[in-house]
Amino acid sequence: SDIHITKNENFQLLPEVAESFKLMKKAALNNGINIKVVSSFRSFTRQKQIWNNKFIKNDSLGYSIHENIKKIMEYSTIPGTSRHHWGTDIDINNLNNSYFESGRGLKEYNWLTKNAGDYGFCQVYSDKKIENRTGYEMEKWHWSYIPIAAEYTKKYSELISYDKINGFMGCKHAKEIGAIENYVNGINTECQ
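What comes next concerns the included structure. All residue numbers refer to position in the chain's written sequence, counted from 1. Totals for whole chains, interfaces and linings use every residue, but because this is a predicted model, local features are given only for residues with pLDDT of at least 70 and side-chain atom pairs only at 80 or more, for both listing and counting. No hydrogens and no water enter the side-chain calculation; it runs on all heavy atoms of the structure.

1. Quick notes on the packing of aromatic side chains
How we decide: Whether two aromatic rings pair depends on their centres lying within 6.5 Å, for rings of Phe, Tyr and Trp, where Trp uses its six-membered ring; planes under 30 degrees apart make the pair stacked, over 60 edge-to-face, and the rest tilted. Helix and strand assignments come from DSSP, with helices taken as H or I runs of at least 4 residues and strands as E runs of at least 2, each series counted from the N terminus. Accessible area is worked out with a 1.4 Å probe on protein chains only. A residue is then buried under 20% of its type maximum, exposed over 50%, and partly exposed in between.
Counted according to the given criterion, the structure contains nine aromatic pairs. Geometrically, the ring pair formed by W86 and Y152 is edge-to-face, given 5.8 Å between the ring centres and 80° between the ring planes. Of this pair, W86 sits in the loop between helix 3 (65-72) and strand 4 (89-92) while Y152 is found in helix 6 (residues 146-159), placing the two residues 66 residues apart along the sequence. Judged by relative accessible area, which is 24%, Y152 ranks as partly exposed. With centroids separated by 5.1 Å and ring planes inclined at 70°, the aromatic side chains of Y125 and Y136 adopt a geometry described as edge-to-face. Of the two residues, Y125 is situated in the loop between strand 5 (121-123) and helix 5 (128-131) and Y136 in the loop between helix 5 and strand 6 (142-145); the sequence distance between them amounts to 11 residues. In this pair, the class of Y125 matches that of Y136, namely buried. Of the aromatic side chains, those joined through ring pairs into one cluster are W86, Y152 and Y156.

This is the structure in structure tokens:
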């Protein structure tokens, strides 16, 4: 079926995801919690721009190609492997874990961990020390709409091979770092 991305309130998501987020936002507001989307759908071109900018910066700092890719992939993804390409994933309120460790940010995070599942959302990049998962570092801000994203995760592994992950700096190294096995599939087991 055709994927239709809905754009409203400065974010783009699949319509079902946007509706569920609006319901979650309303419930949060009723509890004195204000959540907002700071990032959502991201095209391949936009992800490539983010990736290449970081790649160039790290290269200028003298990182080897492997150090460069590893550094970028702590929190950023290879173009073509991002869950943000799907229209199912959102970054909420802030892009720093430290924001969510005290004050208002901690209240927001506690509300999300307790209630987001009621609206279909799951924190895909959980604490690796607790979860024993591969891939990206913990992202307290990144939430995925599991009713759709779980199916997309399965289909991704079935349909995408490394020869289709290309067109950006360092792309020939995607397979050796296990971008699909370790990163696309390196998510919180509660979100599968």
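From this point, things continue past the structure.
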